[in-house]
Amino acid sequence: KQDGQMTTRRCMVMAFCLMGLHGCDMTNMETNPGSAEMKAAKTGDGKVRNELAPIAARFPMLKNAKSIQWTSGVMGDPAMPGPSLYWIDAVIRPDAGLLEKISQLEGLAHAQPPGDTHPAIQRLIPEGRYQTSPELDGLFTHGTWLCHAYFEPSQNLVLLLAKGQ
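Definitions and cut-offs
- Residues numbered from 1 in each chain as written.
- Predicted model: local features only at pLDDT ≥ 70, side-chain atom pairs only at ≥ 80, totals over all residues.
- Heavy atoms only, no water.
- Helix = DSSP H or I, 4+ residues; strand = E, 2+ residues; numbered from the N terminus.
- Buried < 20%, exposed > 50% of the residue type's maximum accessible area, 1.4 Å probe, protein only.
- Polar contact = N/O pair within 3.5 Å; in protein donor to acceptor, adjacent residues only side chain to side chain.
- Contact = heavy atoms within 4.5 Å.
- Pairing = 2+ DSSP bridges.
- pLDDT = per-residue confidence, 0-100.
- Phe/Tyr/Trp six-rings, centres within 6.5 Å; stacked < 30°, edge-to-face > 60°.
- Lys NZ or Arg CZ within 6 Å of the ring centre and 35° of its normal.

Trainee: How do you make sense of the side chain of Asp89 when you look at a structure like this?
Mentor: Secondary-structure assignment places Asp89 in strand β5 (residues 86-93). Asp89 sits in the buried class, given a relative accessible area of 1%. Side-chain polar atoms of Asp89 contact the backbone nitrogen of His118, separated by 2.7 Å. Residues within four places of Asp89 in sequence aside, it is in contact with Lys42, Gln69, Trp70, Thr71, Asp116, Thr117, His118, Ile121, Leu160, Leu161 and Ala162.

Trainee: How do you make sense of the pairing of strand β9 (residues 157-164) when you look at a structure like this?
Mentor: Two faces make up the sheet, and in a regular strand the side chains alternate between them. With respect to burial, β9 is a largely interior element, 7 of its 8 residues being buried. Judged from the 7 bridges that link them, strand β8 (residues 146-152) and β9 form a sheet pairing that is antiparallel. Across the sheet, Cys147 pairs through a bridge with Ala162, a residue of β9. Here β8 folds back onto β9 in antiparallel fashion, the turn holding 4 residues, of which Asn156 has a positive phi close to 50°.

Trainee: Looking at this structure, how should I read the pairing of β5?
Mentor: Counting buried positions along β5 yields 6 of 8 residues, so the element is predominantly enclosed. The sheet contact formed by strand β4 (residues 67-75) and β5 spans 8 bridges and is antiparallel. Within β5, the position partnered with Trp70 by the bridge is Ala90. Sheet analysis places β5 next to β9, joined by 7 bridges and oriented antiparallel. By the bridge assignment, Val91 is partnered in β9 with Leu159.

Trainee: What is the right way to look at the confidence of the model for the protein chain in this model?
Mentor: Residues shown with low pLDDT carry predicted positions that ought not to be read at fine detail. In this model, the protein chain carries an average pLDDT of 80, and 72% of its residues clear a pLDDT of 70 or more. When the criterion is pLDDT under 50, residues 5-38 qualifies, and its contacts beyond four places in sequence or with other chains add up to 16 contacts.

Trainee: What should I look at first to understand the packing of aromatic side chains in this one?
Mentor: How two aromatic rings sit relative to each other is given by the distance of their centres and the angle of their planes. As enumerated under the stated definition, the model contains 1 aromatic pair in all. Relative to Trp145, the ring of Phe59 has its centre 5.6 Å away and its plane inclined at 65°; by these criteria the two rings are edge-to-face. Here the residue Phe59 occupies a position in the loop between α2 (53-58) and β4, and Trp145 occupies one in the loop between α5 (134-140) and β8, the gap between them amounting to 86 residues. By relative accessible area, Phe59 is classed as buried at 0%. Over the ring of Trp70 we find Arg49, and its NZ or CZ is 5.6 Å from the ring centre.

Trainee: Is there a simple way to think about the environment of Leu160 in this case?
Mentor: With respect to the helices and strands, the residue Leu160 is situated in strand β9. By relative accessible area, Leu160 is classed as buried at 1%. Along the primary structure Leu160 and Ala90 are separated by 70 residues, whereas in three dimensions their C-alpha atoms are 5.1 Å apart. Dropping the residues within four chain positions of it, Leu160 is found in contact with Leu62, Ile88, Asp89, Ala90, Ile92, Phe140, Cys147, His148 and Ala149.

The following block contains the structure:
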């Protein structure tokens, strides 16, 4: 009887482990051993907003932005229990002061905005020669929000992709 219980427990533990791995992206394992990255889809209503106050409350450096268009939501299934990871995708026309800070950054490198931008914002991103760097990301990262920013200098435009709580 004990052998049967142990076998059942082992099967349950293995099943639990396999269920946990089911949602993991293992493609990064060769280049970064020991890591498994969870992939979760951006969910939200897709409504594009242009109110500055909710964004400025999370990112004070944007309080004087000339214009902003953004959408937001949660990562993954909002019906799942536990804390939520929120996301915000935004197209921003920064004020002169922020543009000055961006222009002083060194090491900006050419990069195309990522394909995981929410479709509602993706449609608003103009063609251009975008630049990014860890320093640019750091300019926008604030509090519990981790940001990836892309700057298009000829249009004075920032694409901001943020995740946080």
